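Report on the structure
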Amino acid sequence: MAELTWRGPPVALSLFLSCFLGSIFILFPFFPLIWLAPKLWRTCADRFVGFWLSFPVAIVEMFHGSRFRVSGDAVLSDQPAIMLMNHRTRLDWMFFWSALY
């Protein structure tokens with residue numbers, strides 16, 4: 001059990017730093033687009049945030065050896081869908097966003 005205790009802080013630190021530095025160095029340069037081209041800003045922000053949402057899942061898989069699997073039909077953005085999760089961990093929300101992306 002002691003070998004697992006050191007893994008939590010590096011995961012939390014990497015998630016915080018990636019979020020903080022990503023918002024400064026990736027999203028902030030596109031900030032003028034909010035006024036110049038709002039739709040383009042939204043597209044860029046959605047893309048970058050979508051890419052970032054796959055990062056936490058990769059970190060948890062690397063450090064903790066968990067596996068992520070999505071089963072069922074494809075989720076289409078133009079049709080309604082119901083997503084069910086069995087809540088086996090407190091990280092379901094993180095895997096959920098990755099599945100939506």
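Shown above is the structure to which this text applies.
Residues numbered from 1 in each chain as written. Predicted model: local features only at pLDDT ≥ 70, side-chain atom pairs only at ≥ 80, totals over all residues. Heavy atoms only, no water.

Thoughts on the overall build of the chain
The helix and strand inventory of the chain stands at 5 helices and 0 strands. Listed by position from the N terminus, the elements making up the chain come as α-α-α-α-α. In terms of C-alpha radius of gyration, the chain reaches 16 Å, well past the compact-globule figure of 13 Å for 101 residues. For the chain, the spread of C-alpha atoms along the three principal axes comes to 55 × 35 × 15 Å. Restricting the contact set of the chain to residue pairs at least 6 apart, pairs at least 24 apart contribute 57%. Between the centroid of the 8 positive side chains of the chain and the centroid of its 6 negative side chains there is a distance of 3 Å. (Helix = DSSP H or I, 4+ residues; strand = E, 2+ residues; numbered from the N terminus. Rg over C-alpha atoms; globule rule 2.2 N^0.38 Å. Contact = heavy atoms within 4.5 Å. Lys, Arg positive; Asp, Glu negative; His and termini not counted. Charge placed at Lys NZ, Arg CZ, Asp CG, Glu CD.)

Remarks on the environment of Trp35
Assignment of secondary structure puts Trp35 in helix α3 (residues 33–36). With a relative accessible area of 64%, Trp35 lands in the exposed category. Considered as a pair, Trp35 and Ile82 are 47 residues apart in the sequence and their alpha carbons are 35 Å apart. (Buried < 20%, exposed > 50% of the residue type's maximum accessible area, 1.4 Å probe, protein only.)

Describing the packing of aromatic side chains
If you walk through the whole model with that rule in mind, you get 5 aromatic pairs. Arranged with centres 5.4 Å apart and planes meeting at 85°, the rings of Phe31 and Trp35 form a pair that is edge-to-face. In this structure an aromatic cluster arises from ring pairing among Phe28, Phe31, Trp35 and Trp41. (Phe/Tyr/Trp six-rings, centres within 6.5 Å; stacked < 30°, edge-to-face > 60°.)

Remarks on helix α4 (residues 38–64)
Its 27 residues give α4 an end-to-end C-alpha distance of 39 Å, which sits within 8% of 39 Å, the value for a rise of 1.5 Å per residue. Here α4 has its buried residues at Trp41, Cys44, Ala45, Gly50, Leu53, Pro56, Val57, Ile59 and Val60. The inward-facing, buried residues of α4 contact α2 (8–27), α3 and α5 (92–100). The positive-phi residue at the C-terminal boundary of α4 is Gly65, with phi of around 70°. (Expected span 1.5 Å × (residues − 1).)

Remarks on the environment of Ala37
Here Ala37 is to be found in the loop between α3 and α4. Judged by relative accessible area, Ala37 falls into the partly exposed class, the value being 25%. C-alpha separation for the pair Ala37 and Phe95, spaced 58 residues apart in sequence, amounts to 31 Å.

Some thoughts on the packing of α4 against α5
As a packed pair, α4 and α5 sit with axes 8 Å apart at the nearest point and diverge in direction by 125°. When the axis of α4 is compared with that of α5, the two are oblique. Between α4 and α5 lies a crossing of left-handed hand. Of the residues in α5, those in contact with Leu53, Ser54, Pro56, Val57 and Val60 of α4 are Met94, Phe95, Trp97 and Ser98. (Axes fitted to C-alpha atoms, helices over the stretch in contact; angles between N-to-C directions. Parallel < 35°, antiparallel > 145°, perpendicular 65-115°, else oblique. Left-handed = near helix turned anticlockwise from the far one by under 90°.)

Details of a nonpolar patch on the surface
Together, Leu13, Phe16, Leu17, Phe20, Leu21, Ile24, Phe25 and Ile26 line one region of the surface with nonpolar side chains, adding up to about 760 Å² of accessible area. As for its position among the elements, Phe25 is in helix α2. (Patch = residues over 30% accessible without salt bridge, like charges linked within 9 Å, V, L, I, M, F, W, Y side chains within 5 Å. Areas by Shrake-Rupley, 256 points an atom, 1.4 Å probe, with all protein chains shown as cover. Salt bridge = Lys/Arg side-chain N within 4 Å of Asp/Glu carboxyl O.)

Notes on α5
Think of an α-helix as 3.6 residues a turn; residues three or four steps apart then line up on the same face. Those residues of α5 that sit buried are Asp92, Met94, Phe95 and Ser98. With its buried residues spanning 160° around the axis, α5 presents them on a single face. Of the surrounding elements, those touching the buried residues of α5 are α4. (Arc of directions from axis to C-beta.)

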